[in-house]
Amino acid sequence: MAEFAELNVDGKNYKLPIVEGTEQERGFDISKLRAESGLITLDTGFKNTGSTKSAVTFLDGEKGILRYRGYPIEQLAEKSTFLEVAYLLIYGELPSGQELYDFKSEIKKHQLVHEDMKTILQGFPSNAHPMGVLSSLATSLTAFFPESLDPNRSPEQINLTIIRLLAKIPTLVAWSYTNARGIQANYPNNNLEYVSNFLKMMFDTPNEEYEVDPNVLEAMEKIFILHADHEQNCSTSTVRFVGSSQANLYASVAAGINALWGPLHGGANQKVIEMLQNIKNNGGDTKKFLDKAKDPNDPFRLMGFGHRVYKNFDPRALILKKRADKILERLGVDDPELEIAKKLEEAALKDDYFVERKLYPNVDFYSGIIMNAIGIPVDMFPVMFTIGRLPGWIAQWKEMRLHKEPIGRPRQIYVGSPERPYVEISDRS
Ligand code: ACO
């Protein structure tokens, strides 16, 4: 195998070292190219650019493989709990029984949030989107823990920030939900496991105790596990990028929340349900919506379809698709949106436009349907994604800091006006 790629420009030859990963994926290192040749590479949207070497998550988009720290996603979804997966991602190995117990105990100690956080929350209008609220609250944590502003502190201090984030984000999500509905906030209960505690904080009301249905619990555990990391996606790259300026972990995660919010990323699960409801309200005419999605002059896209890296199938969607029917049946939910989703999927998978472009349902297509069925309000879907993705962001931020990665700072090809003299205001037409 070649050790170098060679680039020939204007008769000069440049050797670019080949870099190979554990799974034999190969790239060449262009970091010295500009210094040697004055040339940069151009790849808008980073469609073919590696930003880092990472040991957290491996995925092969052609084969539909996704592994966290080497473990196949199918096995983790089947056998693990979300907190075990969080531990695996953040610390690199599956925890022993004692390690898991200690990890959970540490998280329980930090689940309460400062009462003054409620004052901040009350300032938001009740119709504020929960992602905007959550990213603001995540940033606000820096004010309550000013010692966390320096990411160069001891590993113990960094770990404390990690535990605080894992512990407090679910509480803040639940509080933002109850606040928006004008209901009193519920406090964490240390006798409950992580996901049950979160569901109780969300849905307990003063006049009715919420019973955690084991089917709902299982579904949420799986959804969180399936969303926990996805290598260098938009929000994770944002977290690493913001962190590379040595911004603290809370601020980096808040930036990740904002990146995730977009409908082309984590906001897609909300858009999927809105689209399915729209189709239902239009008499279930899936063809009309497929045609709209195919029309190059119409900005509409089939939400929950397509993926930057998965070009055959999204293994997470496959797991959730298999479960969607079962979960809905066990919950006794007859969901017209699921029927429309199936019809839409069937039609799209046979349609040349989608086949040629390798557009398949992604994880958001089925996670939205399941969350809708278990009673999560639609505007909270991206927030659920956030809880799931948090361990991945933390693991990637931690790796970026351990590798002492330099500040992220891409180059550009300037295509604006050449130099021109200043025009006085009186001379401007
Ligand atoms: N509906 C209709 N056409 C689509 C769709 C879609 N959902 N997705 C891609 N296409 C078309 C594009 O119009 C383009 O067509 P063209 O070649 O004729 O111009 C072609 O397929 C390639 O699409 P790109 O936008 O270049 O692909 P990219 O890799 O940049 O985008 C993305 C990936 C953003 C996920 C895209 O497929 C999309 O917008 N999907 C809908 C939103 C969505 O479901 N996002 C969730 C992603 S999963 C996640 O973040 C957890």
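Presented here is a report on the structure given in the accompanying data block. These numbers were taken from a predicted model, which means no experiment stands behind them. (Residues numbered from 1 in each chain as written. Predicted model: local features only at pLDDT ≥ 70, side-chain atom pairs only at ≥ 80, totals over all residues. Heavy atoms only, no water.)

**What to know about the overall build of the chain**
In plain terms, the rule: The helix count covers DSSP runs of H or I at least four residues long, the strand count covers runs of E at least two residues long, and both are numbered beginning at the N terminus. Computation of the radius of gyration draws on C-alpha atoms alone. For the globule rule, the value is 2.2 Å times the number of residues to the power 0.38. We call a residue buried when its accessible area falls under 20% of the maximum for its residue type, exposed when it is over 50%, and partly exposed in between, using a 1.4 Å probe and counting protein chains only. Residues count as neighbours in contact if any of their non-hydrogen atoms are within 4.5 Å of one another. Computed with a 1.4 Å probe, the accessible areas rest on the Shrake-Rupley method; for each residue, only the protein chains presented here act as cover. The charge count includes Lys and Arg as positive and Asp and Glu as negative, but it does not include His or the ends of the chains. Throughout, a charge is located at the NZ atom of Lys, the CZ atom of Arg, the CG atom of Asp or the CD atom of Glu.
Within the chain, the regular secondary structure consists of 18 helices and 6 strands. Since a compact globule built from 429 residues should have a radius of gyration of about 22 Å, the 23 Å found for the chain is in line with a globular shape. Residues counted as buried form 46% of the 429 residues belonging to the chain. Partitioning the contacts of the chain with sequence separation of at least 6, the portion at a separation of at least 24 is 70%. Put simply, the chain shows about 22,000 Å² of open surface, and 51% of that area lies on carbon and sulfur atoms. Counting 50 positive and 57 negative side-chain charges, the chain places the centres of these two groups 3 Å from one another.

**A closer look at the site of the ligand**
Note the following rule: The cutoff for a nearby residue is simple: one of its non-hydrogen atoms must lie within 4 Å of the molecule or strand. N or O atoms closer than or at 3.5 Å make up a polar contact, with two conditions inside protein: a donor-capable atom paired with an acceptor-capable one, and, for residues adjacent in sequence, both atoms drawn from side chains. In the scheme used here, Gly and all other residues not listed as nonpolar or charged are polar, with Ala, Val, Leu, Ile, Met, Phe, Trp, Tyr, Cys and Pro taken as nonpolar and Asp, Glu, Lys and Arg as charged.
Taken together, 21 residues lie around the ligand, and Arg301, Leu302, Gly304, Phe305 and Arg308 are the ones closest in. With respect to the ligand, the backbone of Leu264 contributes an N or O atom lying 3.0 Å from a nitrogen atom. One nitrogen or oxygen atom from the side chain of Arg308 is found 2.8 Å from an oxygen atom belonging to the ligand. In isolation the ligand has 910 Å² of accessible area, and contact with the protein removes 76% of it. Considered class by class, the residues forming the shell around the ligand number 11 nonpolar, 5 polar and 5 charged.

**Remarks on the sheet that holds strand S5 (residues 65-68)**
Using the following cut-off: Paired strands are those between which DSSP finds at least two bridges.
Spatially, 3 strands are ordered S4-S5-S6 in an open sheet, and the strand pairing comes out antiparallel. Because the sheet does not close on itself, it has two edges, and the strands there are strand S4 (57-60) and strand S6 (71-72). Here S4 runs beside S5; their pairing, made up of 4 bridges, is antiparallel. Considered in S5, the bridge of Leu59 is made with Leu66.

**Side note on unusual backbone geometry**
Most peptide bonds take the trans form, and the phi angle of most residues other than glycine is negative. The phi dihedral of Phe46 is positive, around 50 degrees, even though this residue is not glycine. Accessibility expressed as a relative area gives 53% for Phe46, which makes it exposed. Even without a glycine there, the phi angle at Arg69 is positive, about 50 degrees. Checked against the element boundaries, Arg69 lands in the loop between S5 and S6.

**Overview of a nonpolar patch on the surface**
Our working definition: What goes into a patch is any residue over 30% in relative accessible area without a salt bridge, connected to like charges within 9 Å or, for nonpolar side chains (Val, Leu, Ile, Met, Phe, Trp, Tyr), within 5 Å. One side-chain nitrogen of Lys or Arg within 4 Å of one carboxyl oxygen of Asp or Glu is enough to make a salt bridge.
A contiguous nonpolar surface patch, about 360 Å² in accessible area, is contributed by Leu42, Ile413 and Val415. Relative to the elements of secondary structure, Leu42 occurs in the loop between helix H1 (33-37) and S4.

**Topic: the sheet that holds strand S2 (residues 12-20)**
Just so we agree on the cut-off: Comment: axis = line fitted to C-alpha atoms, over the contacting stretch for helices; angle = value between 0 and 180 degrees taken between N-to-C directions.
Strands sit in the order S1-S2-S3 across an open sheet of 3 strands; the sheet is antiparallel. The sheet is open, and its two edges are formed by strand S1 (4-9) and strand S3 (26-28), each paired on a single side. Geometrically, the sheet is characterised by an average inter-axis angle of 30 degrees between neighbouring strands, direction not taken into account.

**Description of the pattern of salt bridges**
Throughout the structure, instances matching the rule amount to 23 salt bridges. As a salt-bridge pair, Glu106 and Lys109 come within 2.7 Å of each other at their nearest N and O atoms. In this pair, Glu106 and Lys109 both sit in helix H4 (residues 97-109), 3 residues apart, roughly one turn of the helix. For Lys109, a relative accessible area of 57% translates into the label exposed.

**Brief notes about helix H18 (residues 381-402)**
To keep things clear, this is the line we draw: Here, expected helix span is obtained from the residue count minus one, scaled by 1.5 Å. To get the bend at any residue, fit one axis to the seven residues that end at it and another to the seven that begin at it, then take the angle between the two axes.
A rise of 1.5 Å per residue sets the reference length of H18, with its 22 residues, at 32 Å; its end C-alpha atoms lie 32 Å apart and thus fit the reference within 8%. In the structure, H18 departs most strongly from a straight axis at Arg389, where the bend amounts to approximately 45 degrees and where the proline Pro391 lies between one and four residues downstream. Burial of H18 is extensive: 20 of the 22 residues sit out of reach of the surface. With its phi angle positive at about 50 degrees, Lys404 sits one or two positions after the end of H18.

**What about the side chain of Ser367?**
Of note, Ser367 is situated in helix H17 (residues 363-373). For Ser367, a relative accessible area of 0% puts it in the buried group. For Ser367, the contacting residues outside a window of four places in its chain are Ile223, His227, Asn269 and Leu320.

**Some thoughts on the environment of Asn13**
Counting through the fold element by element, Asn13 comes out in strand S2. Judged by relative accessible area, which is 44%, Asn13 ranks as partly exposed. Distance from Asn13 to Ser252, taken between C-alpha atoms, is 40 Å for residues 239 residues apart in sequence. If we skip the residues at most four places from it in the chain, Asn13 touches Glu6, Leu7 and Asn8.

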